[in-house]
Each structure stands twice: as C-alpha cells, then as structure tokens.
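What the coordinates show
Residues per chain, in single letters:
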Amino acid sequence: MKRMRRKSTAALSEMAEKGLQLDRETFSCSICLDLLKDPVTVPCGHSYCMNCIKSFWDEEDEKEIHSCPQCRQTFTPRPVLDENTMLAVLVEELKKTGLQAAPADHCYAGPEDVACDFCTGRKMKAHKSCLQCLASYCEKHLQPHFKSPTFEKHKLVDPSKKLKENICSRHDEVMKIFCRTDQQCICYLCSMSEHKGHDTVPAAEERTERQRELELSRQKLQQRVQDREKDVKELQQEVEAISRSADKAVEDSEKMFTELIRLMEKRRSDVKQQIRSQQETEVSRVKELQEKLQQEITELKRKDAELKQLSHTEDHNQFLHNYPSLSALSQSTHSSSIKIRPLRYFEDVTAAVSELRDKLQDVLREKWTNISLTLTEVDVLLSQPEPKTRAEFLRYSQEITLDPNTANTHLLLSEGNRKATYMSQQQSYSSHPDRFTECFQVLSRESLTGRCYWEVEWRGGLFGGVHVAVSYKNISRAGSENECRFGNNDKSWVLRCSPNSYDFYYNKINTPVSGPLSSRVGVYLDHRAGILSFYSISETMTLLHRVQTTFTQPLYAGLWLFGSMESLLSCVN
C-alpha cells in the first residue's frame, strides 16, 4: 500500500511538473457530485461512492435488473462490489495536493448570472465585480484583489452585467465625475469639454450625499411601514371588536325580540281569552233570559187556552164564577221590549287593539330609526377622498322625505312629503311635540349618518328664499327663534339662500359665502369624518362652504322657508 501511495504521489507530481490540468469531475461521483468516498468500479468501468451505488441499486432490487446510472448498461445478477484501492489512494493524494470536490451545478454561471471573466471552459458564477478593472471574478480569480497591493484601492461591488455603462461612450474613459447641472455621470475629458463650467463633483462625493438622502428616505419609509403595520394591527383589533360587538348585539337583540314576541303572544292570548270569556258570560246571560221568556210564553199560552175554553162556556153562572180567577194576568218580570245594540258587541275591543297597533307601529318606526342610526358604516383609519364630480357625489345619494310631525303649520308638504311650500294659511296638522311652532321649519324623517348626499331645489319671489340645514334631532321646537331657528344655536348648521346672496350660520355666527347663484344646492355629509359641504349646482358644481367639525349625534336634513307665497322647495336624490 505504501508503495502504491508513493507511486501515486510521484505520478501526481510528474503531472504537475508537466503543467497538466486535472479535471475535478474525473474524481467525482456522478450521483452525489462530491469527491469519491470508498470508490468502487462497476463492470462497465464507471466508478461511484460505495454507499451511493448501493442505495441506487437497492431501489432497483424489485426489478431484479441493475444498471449503471451513467451508461445504463444492465447487470444480472447484482454485481458484488469491492473497493477500488488504487482509485481510493489516488483520491486521498488528490485531496492532499489541494484538489477539491467538483463544484455543484449551482456554482456555475447560468444565462441570468454574471459569469467570471477569467474562467476558461465552463465559467463559474462571479463573486464580485471590480469598478476599476471593469471585470467580474469568481472566488478563485478574485484572490489577487485581496492579496496583491496592486489592487488595494480597487472598488469591488456585487456582480454586475452593466460594468460597460461606467465607460464614457465618447472618450472610452471611466466616468468618475457627476455633473449636477445635467444630472449625469461623465468622465474627466467630458468635464473639460462639453460640461466645462458646469457644477461637477466626484461621483463618490455625490453618491455620499445621495446615500445620505437615501437613508433619510428609508427611515421615512420604515416609519411609514411601522405606522401602517400599527394601522393594520389596529384594524384587526377593530375587526375583532366589531365582530364581538355584533355577535353580542345579535344575541341580545334576539333575546329581547323573543321576549317582545312572547309578550305580544301572551297579550294576544289574553285578549282572545277575555273576549271568549266575556262572550260566554254574555251568551249565558242572554240564554237565561231566553229561557225565562220562553217559560213566560208557555204560561201565557196556557192562560190563553183556559180563557178560550171559558169563553165557550154556555152556563152563565159557571162563566161568572170562573172568570175572576182566570182573567187576572200575572205581572211580567221583564220589559216589554229588548234593546239590541246592532253590530256593537266587541267592536270597542277591536278599536282598542287597532289603536294599540298604530301606536306600536309609530314607536317601532321611530325606534327603528334610532336603531338604524347606530348601525353606521365602519369607516375608520383610512379616510376616503371627498368626491369631485356630481356623478361621484350621486354615488352617496340619500333619499330625503320630510316628517309631517315636525312641519310648521304654515308649510304644506306634498309629492310624498318630498316638497314643501310656504302657505299664509295654516294647515290642519294634528298636535305633535316634534312640531316647530315658531319657525317655518321642517326636518327630514330619515337620519343622516355615514356619507350621504342630497340636493335642494327652490324657487320663490324676489324676496323669497330657503335655509338649507342639517340639525340634531334635539333642537328646540318651540320658544324664541334663538332657540329653535336653524343656525342660531350649536345644534344646527345652515346655508341661507336668497336670489342674490348666500350666508352660512352656526351658533349665531354669520359667515358670508361667495359663489355662483343657483336655485339648486347640493349638500354632502361625511358624518364620521365631520365634513359638511354645500355646493352650487348648475352645469358644474362649485363649493360654496365647507365645515370641518365633530358631529356627536345623528343629523337630520332641515328646511326653513321665508318670503313670498311662491317659495317652493323640493328635496331630490
């Protein structure tokens, strides 16, 4: 063995002296791509690691035919493998002489990789590119840049295919100067010719400054990322909170509606039972009276029969003797006539139930509005931009109907409570606590939450006009104008429109408004964002006034008419 090793070492030395290159792949296993370990040679002459070829043949045992992974020659039966001692010694000596395992395929440069400019044959991937040499190097060929003082000041960067772009196309020189005037990299000769007199600095200096700006930009971006991640986390928490709240609200609402239904069912059953009980009592009483009357009829008929028989008695003495006892009639215990209330037995009960139904409907309608107010859209964190065109505004269109229970008696509502007209003669509205008694005002039936948009069209005489308002529901309905008039308190916001001017009022503060006069005004409300905007509507939309505040309650659309009898207003969606 020692003699064989000496011969192998001598052979390797001889090959080195002659300058021969050893192919690494020759001593590599084609299965694991590493240097051979315990090398064996199969009958066809190819060599493998013993464990590699055994594992390969173990998978083929069930086929009872074994093949060479490289040439596919088959062997039957499975060959007995013995270590190739000569090859084993040679591989060990190769390791000592510095020959390493063959690189794996991923170490070689592919079509998309930067290849080493100094590799011959199959090129390795570049590890670095040199801006001075304008060449790319694999790890092996890069070593002189680390060991030789000649390359000490060379600038190494990540592998790049664009090194040629650092060369000036006009002067074939490396571009090491940056022209701030023209915002481009140039070479030294360019700075002496067409860029002469320009603001120029070394490219490295410009890079340092831009790098500083880049770091600041990265800090801002990272801060924004952190902010957005925080927003996302808060949104997730909001989603979870909304889901929990919704689940609880559904559960509680189901319980309460079940209780209401149970109560209504009980009341229905009670009313039915009471009606039937009263029916039984009344029918029993009437039947009892019927029986007594029937008995009286029978008695009267019997008495009539006796009187008839007496009338036919021919014996005068017998007639006169019996007449006193038969002619006397017993006193009737009942009235001579029965008074009946036609169709008025239980109608009062029906009327009472009908009244209860109407009241419940009113309560449910009003309370349903209040419930709906709380079901506003979840509009958090990321605010939506305000619409720009009328088409965009109309996407948030809100149908408005006026509430007759709030209308002043000088306002006539028509067209499905979507139009109001000032009338000098009072209208016959029923009394209601929500009615405006002093101001010619009316509120909408619908509450306004989330984002919504509506338009108001008005016309009137020279001195007529309209106040287009939004208001909290708890605005005063009676008392002085300072208490209930739109814009004279902290519960309402109003744009006062007349044929020749606009004014905005809130809490008695007047803000003059300029803009094109129009008989149509658009109102945009973003309740959650606290935005209220008024627009003049003609062929285009012009912003008249915008309010930014915090709304603490649901809002209602409001109108105040004044001036001539022709003042007319129509709410349109």
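See the structure above.
If you're wondering where the values come from, they're calculated on a predicted model, not measured in any experiment.

The antiparallel open sheet is built from 3 strands, whose spatial order is β9-β8-β10. Here the strands that pair on one side only, and so sit at the sheet edges, are β9 (184–186) and β10 (200–202). Within the sheet, the average angular offset between the axes of one strand and its neighbour, ignoring direction, is 35 degrees. Where helix α6 (residues 203–311) meets the sheet, it contacts β8 (177–179) and β10, and its direction lies at approximately 90 degrees from that of β10.

Turning next to a nonpolar patch on the surface. Together, Met 264, Leu 356, Leu 360 and Leu 364 make up a nonpolar patch on the protein surface, roughly 370 Å² of accessible area in all. A total of 3 residues in the nonpolar patch trace back to one element, the largest contributor, which is helix α8 (residues 347–374). Here Met 264 lies in helix α6. A relative accessible area of 45% means that Met 264 is categorised as partly exposed.

The next thing to look at is the pairing of strand β11 (residues 411–414). Residues Leu 411 and Leu 413 of β11 are buried on one face, while the alternating residues Leu 412 and Ser 414, pointing to the opposite face, are not. The sheet contact formed by β11 and strand β12 (residues 419–422) spans 4 bridges and is antiparallel. Paired with Leu 411 across the bridge in β12 is Tyr 422.

This next bit is on the sheet that holds strand β6 (residues 135–137). An order of β6-β5-β7 is seen for the 3 strands of this open sheet, with the pairing classed as antiparallel. Every other strand in the sheet has two partners, leaving β6 and β7 (156–157) as the edge strands with one partner each. In the sheet, strand β5 (residues 128–130) pairs with β7 via 2 bridges, with the strands oriented antiparallel. Each residue of the ladder has a partner; that of Cys 130, found in β7, is Leu 156. Contacts from helix α4 (residues 139–147) reach β5, β6 and β7, with the element oriented near 110 degrees to β6.

Scanning the model with the defined rule gives 24 salt bridges in all. The partner of Arg 180 in a salt bridge is Glu 206, and the shortest N-O contact between them spans 2.7 Å. On the criterion of sequence distance, the pair formed by Arg 180 in the loop between β8 and β9 and Glu 206 in helix α6 is long-range, its members being 26 residues apart. In this structure Arg 180 comes out as partly exposed when scored by relative accessible area, which is 25%. Residue classification places Glu 206 among the buried positions, given a relative accessible area of 6%.

With that out of the way, let us pick up the packing of aromatic side chains. This model, assessed by the stated rule, comprises 14 aromatic pairs. Measuring from ring centre to ring centre gives 5.2 Å for Trp 493 and Phe 551, while their planes differ by 85 degrees; the resulting arrangement is edge-to-face. Residue Trp 493 is found in strand β16 (residues 492–498), and its partner Phe 551 is found in the loop between β21 (541–548) and β22 (555–562); the two are separated by 58 residues along the sequence. Of the residues examined, Phe 551 reaches a relative accessible area of 7% and is grouped as buried. Put simply, the rings of Phe 393, Tyr 396, Tyr 453, Tyr 524 and Tyr 535 touch in pairs and so form one group of aromatic residues. Here the basic side chain of Arg 477 rests over the ring of Phe 436, its NZ or CZ set 5.1 Å away from the ring centre. Seen from the ring of Tyr 505, Arg 496 lies directly overhead, with NZ or CZ sitting 3.6 Å from the centre.

This part is about unusual backbone geometry. Residue Thr 76 is joined to Pro 77 through a cis peptide bond whose omega torsion reads 0 degrees. Mapping Pro 77 onto the fold places it in the loop between β4 (74–75) and α3 (85–96). Positive phi, close to 55 degrees, is recorded for Asp 172, a residue that is not glycine. Following the sequence through the fold, Asp 172 ends up in the loop between β7 and β8.

Glancing now at the pairing of strand β18 (residues 509–513). When a strand is regular, its side chains alternate between the sheet's two faces. One ladder, built from 5 bridges, connects strand β17 (residues 501–506) with β18; its direction is antiparallel. Along β18, the bridge assignment pairs Phe 504 with Thr 511. Connecting the antiparallel pair β17 and β18 is a turn made up of 2 residues, with Asn 507 showing a positive phi of about 55 degrees.

Quick look at the environment of Pro 69 now. Topologically, Pro 69 is positioned in the loop between β3 (66–67) and β4. Classification of Pro 69 as buried rests on a relative accessible area of 18%. Linking Pro 69 and His 46, residues 23 residues apart in sequence, is a C-alpha distance of 9.1 Å. Apart from the residues lying within four places of it in its own chain, the contact partners of Pro 69 are Ile 31, Tyr 48, Ile 53 and Phe 56.

Conventions adopted
Residues numbered from 1 in each chain as written. Predicted model: local features only at pLDDT ≥ 70, side-chain atom pairs only at ≥ 80, totals over all residues. Heavy atoms only, no water. Pairing = 2+ DSSP bridges. Helix = DSSP H or I, 4+ residues; strand = E, 2+ residues; numbered from the N terminus. Axes fitted to C-alpha atoms, helices over the stretch in contact; angles between N-to-C directions. Contact = heavy atoms within 4.5 Å. Patch = residues over 30% accessible without salt bridge, like charges linked within 9 Å, V, L, I, M, F, W, Y side chains within 5 Å. Areas by Shrake-Rupley, 256 points an atom, 1.4 Å probe, with all protein chains shown as cover. Salt bridge = Lys/Arg side-chain N within 4 Å of Asp/Glu carboxyl O. Buried < 20%, exposed > 50% of the residue type's maximum accessible area, 1.4 Å probe, protein only. Phe/Tyr/Trp six-rings, centres within 6.5 Å; stacked < 30°, edge-to-face > 60°. Lys NZ or Arg CZ within 6 Å of the ring centre and 35° of its normal.

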